[in-house]
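So you can see what is in the structure, the chains are spelled out below.
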There are 2 protein chains.
Amino acid sequence: MHPVAVVNANGASPIVFVCEHASNNIPNMYHELGLNAADKISHAAYDPGALGVLRCLVNEFDAVGVYGTVSRLIYDCNRPPEAASAMPAKSEKIIVPANANITPAERDARTNAVYVPFTNTLADIIAQKGGQGIVITIHSFTPTYFDEPRHVEIGVIHDDDPTLASACVTELQGDGSFVCEINEPYSREDGVAHTLNLHGTKNGLQNAMIEVRNDLIATPDDEMKMGIYLAQQLRKTFKSLGIDLNEVSA
Amino acid sequence: MHPVAVVNANGASPIVFVCEHASNNIPNMYHELGLNAADKISHAAYDPGALGVLRCLVNEFDAVGVYGTVSRLIYDCNRPPEAASAMPAKSEKIIVPANANITPAERDARTNAVYVPFTNTLADIIAQKGGQGIVITIHSFTPTYFDEPRHVEIGVIHDDDPTLASACVTELQGDGSFVCEINEPYSREDGVAHTLNLHGTKNGLQNAMIEVRNDLIATPDDEMKMGIYLAQQLRKTFKSLGIDLNEVSA
């Protein structure tokens, strides 16, 4: 299977929604990485609910969606090849046996099989936006982390330029439907801004990462409602920033 | 929200895939039907995984997909208005408080709000196939039922004419990847063939219902793999029946 999928490739919006952790697919050649059945379908292997939210946002904006079709435990497409966490041996409490002692040759092979086509496809799509794209990545996080409950429900994370993320948090907090914080539950200091940096910041494009607590997007209906809600908040956000999505679209 | 959604409306295939139980959405006006949070996201409210399988099948065949966007506990679109089970007061062990004493006026209101647009949309799409459509409904079922484990993994159910369902079961059993039975875990005697009958049989079209055990389609990846697998088996099925999907397409 090709490691990257594109939804609504000809979408007219300048926005490109990205979900690096959409799938828990582990191709047969990796022998399930030594994971047990429960861990293979856990949040360690992917971001539950994120793909459904992305599909809805793509639909709401007539945007392009790009998502990974391979588990982040094979290769985490939100990490550069040089990061150890690109092929994590551990995720929260879950051990990934086959990632404990990866040889340099195996790292190269996975990078070429997964990361290279993912990042090249995304780069091509953003290039088609002619310097006027907007990059928004969609993730989900767990309600607890090492047994501690997380009270934040939606986090918005920025790379170098906080403009889009800050404006979005202002709208979300003003609306008040969910507990929203900037740079929670992660920030770029945790290494989660790779896609934003490479495809957004380095192209001079507005960018932000949206993290949704996965208990809020546990069914197709909840995914859709969250997608529609985020679309509403993003429309207000762009308006507040004076960004006309029609004006900048290709 | 409109109670019915169409995927790939201009798909060239004669096949129309239908998922009546895609969503657990309960519009606000119904006050969650008195359900608790766990029941609201349970299999009683929808068929987990079925929508993802439908999306994949639509993609594999360039087919049209039609799915309901409202929980079957509001109105089960695979039931006619006269069936008590169209607005069930109980589903396996789950009680639906607001459905215990529905007035005739409320029944009519839900029928008009959900069933009528759903069935009319589906009828219009099938009419566009010019008498050459094929109707396949996609459902999921639970691994246990009243505490008894279900060993069947894929069931194929027929209405009056068993041709398509029988041929499909022959392929699935011949392949042997999953435990497959005809008319399991339900049959039309359980009232589950309404869509097949109304939109397939009465139009003289081939039709069948595919039921997948929901533990096999618990993640986007598993949904996709099952969709690709079912597409392979359906291609063999149509070939065995001498049905050329290209020839009969519009």
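Residues numbered from 1 in each chain as written. Chains lettered and ligands numbered in written order. Predicted model: local features only at pLDDT ≥ 70, side-chain atom pairs only at ≥ 80, totals over all residues. Heavy atoms only, no water.

S.K.: Help me out: how do you make sense of the pairing of strand 11 (residues 206-213) of chain A in this one?
M.R.: Two faces make up the sheet, and in a regular strand the side chains alternate between them. All names here are of chain A. For strand 11, a buried count of seven out of eight residues is recorded, marking the element as mostly surrounded by other parts of the structure. By the bridge criterion, eight bridges tie strand 6 (residues 134-141) to strand 11 in an arrangement that is parallel. From the neighbouring strand, F141 faces strand 11, where its bridge partner is R213. Strand direction decides the pairing type here: strand 9 (residues 154-157) and strand 11, joined by four bridges, are antiparallel. Bridging across to strand 11, V156 finds its partner in I210. (Buried < 20%, exposed > 50% of the residue type's maximum accessible area, 1.4 Å probe, protein only. Helix = DSSP H or I, 4+ residues; strand = E, 2+ residues; numbered from the N terminus. Pairing = 2+ DSSP bridges.)

S.K.: Explain the sheet that holds strand 6 (residues 134-141) of chain B to me, please; I cannot follow it from the model alone.
M.R.: Backbone hydrogen bonds are what pair the strands of a sheet, in a parallel or an antiparallel way. Residues and elements named next belong to chain B. The strand order across the open sheet built from seven strands is 1-3-2-6-11-9-10, with neighbouring strands paired in mixed fashion. Each edge of the open sheet carries a strand with a single partner, namely strand 1 (4-7) and strand 10 (180-182). Shown here is a sheet whose adjacent strand axes are inclined to one another by a mean of 20 degrees, direction ignored. Both strand 1 and strand 3 (residues 64-68) contribute to a ladder of four bridges, which runs antiparallel. When the bridges of strand 3 are listed, V7 appears paired with G65. Along the sheet, helix 2 (residues 50-61) contacts strand 1, strand 2 (15-19), strand 3 and strand 6; its crossing angle with strand 2, the most-contacted strand, is approximately 170 degrees. (Axes fitted to C-alpha atoms, helices over the stretch in contact; angles between N-to-C directions. Contact = heavy atoms within 4.5 Å.)

S.K.: How should the interface of chain A and chain B be read in this particular structure?
M.R.: Interface size is commonly expressed as the accessible area that is lost once the parts come together. Tallying the contact residues gives 17 residues for chain A and 17 residues for chain B. In this assembly, chain A packs against chain B so that about 1,300 Å² is buried in total across both faces, 61% of it on carbon and sulfur atoms. The largest share of the area that chain A buries against chain B comes from A:T219, A:P220 and A:D221, three residues that together contribute 29% of it. Where chain A meets chain B, there are zero salt bridges. Our enumeration of links across chain A and chain B arrives at four residue pairs in polar contact (both at pLDDT 80 or more). (Buried area = accessible area lost by both parts, 1.4 Å probe. Salt bridge = Lys/Arg side-chain N within 4 Å of Asp/Glu carboxyl O. Polar contact = N/O pair within 3.5 Å; in protein donor to acceptor, adjacent residues only side chain to side chain.)

S.K.: Looking at this model, I keep getting lost on the relation of the copies chain A and chain B. Mind explaining?
M.R.: For these two chain copies, the linking operation is a rotation about an axis paired with a shift along it. When chain A is brought onto chain B, the operation consists of a screw motion whose angular component is 180 degrees and whose axial shift is 0.0 Å, with 0.0 Å RMSD remaining. Expressed as a symmetry operation, the mapping of one chain copy onto the other fits a two-fold axis. The C-alpha atom lying nearest the rotation axis in chain A is that of A:G52; the distance is 4.8 Å. An overlap of 100% is found between the interface residues of chain A and their copies at the interface of chain B, pointing to a shared contact surface. (Least-squares fit on C-alpha atoms with pLDDT ≥ 70 in both.)

S.K.: Looking at this structure, how should I read the pattern of salt bridges?
M.R.: Between side chains of opposite charge, pairing is possible as soon as their charged atoms come close. All names here are of chain A. Overall, the coordinates contain 23 salt bridges over all chains when judged by the stated rule. Among the ionic pairs, R213 bridges to E153, the shortest N-O distance being 3.8 Å. Highlighted residues: R213 in strand 11 and E153 in the loop between strand 8 (148-149) and strand 9, separated in sequence by 60 residues. For the pair formed by R213 and E153, the shared burial category is buried. We note a salt bridge from R213 to D215, for which the minimum N-O separation is 2.8 Å. Using a relative accessible area of 11% as the deciding quantity, one classes R213 as buried. Linked through salt bridges whose partners overlap, the residues forming this network are E153, R213 and D215.

S.K.: I'm lost on the pairing of strand 2 of chain B in this one. Help?
M.R.: Residue and element names in this part refer to chain B. With respect to burial, strand 2 is a largely interior element, five of its five residues being buried. Burial of the side chains of strand 2 extends over both faces: I15, F17 and C19 are buried on one face and V16 and V18 on the other. In this structure, strand 2 lies alongside strand 6, joined through four bridges in parallel fashion. Bridge pairing in strand 6 links V16 to V135. Here four bridges tie strand 2 to strand 3, and the two strands are oriented parallel to one another. Looking across to strand 3, one finds that V16 is bridged to V64.

S.K.: Would you take a moment to explain the environment of B:L54 for this structure?
M.R.: All names here are of chain B. You can see L54 is positioned in helix 2. The sequence separation of L54 and E223 amounts to 169 residues, and the corresponding C-alpha distance is 8.7 Å. Not counting the four nearest positions on each side in its chain, L54 is found in contact with V7, F17, V18, C19, G65 and V66.

S.K.: Hey, could you run me through the side chain of A:S23 in this one?
M.R.: Of note, A:S23 is situated in the loop between strand 2 (15-19) and helix 1 (37-40). At 3.5 Å, the side chain of A:S23 forms a polar contact with the backbone oxygen of A:T69.

S.K.: Looking at this model, I keep getting lost on helix 4 (residues 163-175) of chain A. Mind explaining?
M.R.: Count 3.6 residues to each turn of an α-helix, and residues three or four apart come out pointing the same way. All names here are of chain A. Between its first and last C-alpha atoms helix 4 spans 18 Å; for 13 residues at 1.5 Å apiece the expected length is 18 Å, and the two agree. Of the surrounding secondary structure, the elements contacted by the buried residues of helix 4 are strand 6, strand 9, strand 10 (180-182), strand 11 and helix 6 (220-240). G176 sits one or two residues past helix 4 and shows a positive phi near 80 degrees. (Expected span 1.5 Å × (residues − 1).)

Taken by themselves, the reported measurements are silent on function.
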